[in-house]
Structures are given as C-alpha cells and as structure tokens.
Amino acid sequence: MIKTCLLWISLFGTWWSNPAISVTVRFEGIKYPDGFIFVGLYENQESWDQRLPSREINFEKWTMRDGSLIGTVSDLKPGKKYGLAVLDDANGNNVVDMGFIFPEEGFGFSNFQVKGFRLPRFDDFAFTYPASDTIVVKMRYLF
C-alpha cells in the first residue's frame, strides 16, 4: 500500500513539475491519399536554416477525410517557441522529392500560408505555445 501511494505521488510530482502540453494540428488541402504526412518540429532560426528539426513526426493518412487530417504533437513546453514544417510524402520514401528546382510533393508550415516561391523564416511560421488550441497547416503543391 505504501509503495502504491509513493508511486502515485512520484508520478503526480513528475507531471506537476514538468508540464508537457500537446497541440492539435489540422493539415488542410492534402492532395494524395498515399504515403504519410511528415512533420519537422523546429525551435529556432538556426535549426531551421540547417534543416535540423528537434523532432520528426509521421502521421498516417488513413484517417484523412476530404483532404484534411488531424494530428497531435505532444511534449511541448508552455512559453516555448515552435514551428512546424510539413511535407506530404506521397510516395513514403522519407525525402523531399525535387523537380528541376521545386519540390514535387506538397508542403506547408504552421499557421503560415506559402505564397510565391520564397521559403519562410522561422519567425514567419513560429508560434509560442499556448497560442491557440489548434495549429493549421495549409498544404501547397506546385505541380
């Protein structure tokens, strides 16, 4: 009994001292039902410049409806800045397939609509959690 109480106190203390939060992400405008949605989680401009995400997450498309998919990104810390760079890896090969100059697969960023041909800076697609309950990523396809 004492061991059980200590376990519960330990678990509650860990949760209370290190509150990790999840965010719901809605991916809109997905063109292809095959492959998966690949998300890179970035925390600053330097990691974005080097294309070194702090975490990579794959979302299966089997729950996709009408080009939209809902996913969850967990273990976010309150007050910390994050940005999501997203690829519709339609063929599931884990790389960005490039044409002559531009990507052949869809891409998008957290709360940022890509217009033109310039990649955004980190601050363009960054959010500080908790900014909103749902982060929206609108996919863009050049081909």
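Residues numbered from 1 in each chain as written. Predicted model: local features only at pLDDT ≥ 70, side-chain atom pairs only at ≥ 80, totals over all residues. Heavy atoms only, no water.

### Section: the sheet that holds strand β8 (residues 134-138)
Taken together, the three strands give an open sheet; going across it, the order is β4-β1-β8, and neighbouring strands pair in mixed fashion. This sheet does not close on itself; its edge strands, each paired only once, are β4 (69-76) and β8. Strand-to-strand twist of the sheet, defined as the mean angle between neighbouring strand axes without regard to direction, takes the value 30°. Judged from the five bridges that link them, strand β1 (residues 21-28) and β8 form a sheet pairing that is parallel. For Phe 27, the partnering residue across the bridge sits in β8 and is Val 137. (Pairing = 2+ DSSP bridges. Helix = DSSP H or I, 4+ residues; strand = E, 2+ residues; numbered from the N terminus. Axes fitted to C-alpha atoms, helices over the stretch in contact; angles between N-to-C directions.)

### Remarks on the pairing of β1
Of the pairings in the sheet, the one linking β1 to β4 comprises six bridges and is antiparallel in character. Bridge pairing in β4 links Val 23 to Val 73.

### A few points about the environment of Val 86
Mapped onto the elements, Val 86 comes out in strand β5 (residues 81-89). Residue Val 86 is classed as buried on the basis of its relative accessible area, which comes to 5%. Separated by 59 residues in sequence, Val 86 and Phe 27 place their C-alpha atoms 8.9 Å apart. Leaving out residues up to four positions away in the same chain, Val 86 has contacts with Phe 27, Ile 37, Phe 38, Val 39, Gly 106, Phe 107, Gly 108, Val 137 and Met 139. (Buried < 20%, exposed > 50% of the residue type's maximum accessible area, 1.4 Å probe, protein only. Contact = heavy atoms within 4.5 Å.)

### Details of the side chain of Gln 45
Secondary-structure assignment places Gln 45 in helix α2 (residues 45-49). For Gln 45, a relative accessible area of 18% translates into the label buried. Of the polar contacts made by the side chain of Gln 45, one reaches the backbone nitrogen of Phe 122; its length is 2.7 Å. (Polar contact = N/O pair within 3.5 Å; in protein donor to acceptor, adjacent residues only side chain to side chain.)

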